[in-house]
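Structure assessment
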Amino acid sequence: MLSLNALVALGQAPKFTISGHVRDGGSGEELIGANVFEASNGVGAVTNLYGFYLLTLPAGAYRIEFSSI
């Protein structure tokens, strides 16, 4: 078993997954094809047919941006 310090020393920083649903603020309807993006890592996703998204990022604090047309 490796400790957290050993993982970082090997260049394998722990990662976490952020997931959720993007919904319209007025109707509550799921938004299909909405963009979810974290700029500092260049990681993004597009919501599926149910408005669901999933992002995997290294441990840290991030600003996640959401957009839809």
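Residues numbered from 1 in each chain as written. Predicted model: local features only at pLDDT ≥ 70, side-chain atom pairs only at ≥ 80, totals over all residues. Heavy atoms only, no water.

**Some words on the packing of aromatic side chains**
All chains considered together, the criterion is met by one aromatic pair. For the pair Tyr 53 and Phe 66, a centre-to-centre distance of 5.7 Å together with 70° between the ring planes defines the contact as edge-to-face. Highlighted residues: Tyr 53 in strand S4 (residues 52-58) and Phe 66 in strand S5 (residues 65-67), separated in sequence by 13 residues. (Phe/Tyr/Trp six-rings, centres within 6.5 Å; stacked < 30°, edge-to-face > 60°. Helix = DSSP H or I, 4+ residues; strand = E, 2+ residues; numbered from the N terminus.)

**A few points about the confidence of the model for the chain**
Averaged over all residues, the pLDDT of the chain equals 86, while 84% of them reach at least 70. This stretch, residues 1-8, has a pLDDT under 50; its non-local contacts, to residues over four places away or in other chains, come to six contacts. (pLDDT = per-residue confidence, 0-100. Contact = heavy atoms within 4.5 Å.)

**Overview of the environment of Ile 18**
The residue Ile 18 is located in strand S1 (residues 15-21) in this model. The exposure class assigned to Ile 18 is partly exposed, which follows from its relative accessible area of 31%. Measuring from C-alpha to C-alpha, the distance between Ile 18 and Leu 55 comes to 5.1 Å, with 37 residues separating the pair along the chain. Excluding residues within four positions of it along the chain, Ile 18 makes contact with Tyr 53, Leu 54, Leu 55, Leu 57 and Ile 64. (Buried < 20%, exposed > 50% of the residue type's maximum accessible area, 1.4 Å probe, protein only.)

**Let's talk about the sheet that holds strand S3 (residues 43-46)**
An order of S3-S2-S5 is seen for the three strands of this open sheet, with the pairing classed as antiparallel. In the strand order of this sheet, the two ends are held by S3 and S5, each with one partner. The sheet shows a mean angle of 15° between the axes of neighbouring strands, taken without regard to direction. Bridge analysis of strand S2 (residues 35-38) against S5 gives three bridges, and the strand direction is antiparallel. Bridging from a neighbouring strand, Val 36 pairs with Phe 66 of S5. (Pairing = 2+ DSSP bridges. Axes fitted to C-alpha atoms, helices over the stretch in contact; angles between N-to-C directions.)

**Looking at the pairing of S4**
Of the two faces of S4, the one holding Tyr 53, Leu 55 and Leu 57 is buried and the one holding Phe 52, Leu 54, Thr 56 and Pro 58 is not buried anywhere. Alignment of S1 against S4, held across seven bridges, turns out to be antiparallel. Counted as the bridge partner of Ser 19 is Leu 54 from S4.

**Examining the side chain of Thr 47**
Assignment of secondary structure puts Thr 47 in the loop between S3 and S4. Within the structure, the side chain of Thr 47 is placed 2.6 Å from the backbone oxygen of Leu 31, a separation counted as a polar contact. Of note is the side chain of Thr 47, whose polar atom sits 2.8 Å from the backbone nitrogen of Ala 34. Dropping the residues within four chain positions of it, Thr 47 is found in contact with Val 22, Leu 31, Ile 32, Gly 33, Ala 34, Val 36, Phe 52 and Tyr 53. (Polar contact = N/O pair within 3.5 Å; in protein donor to acceptor, adjacent residues only side chain to side chain.)

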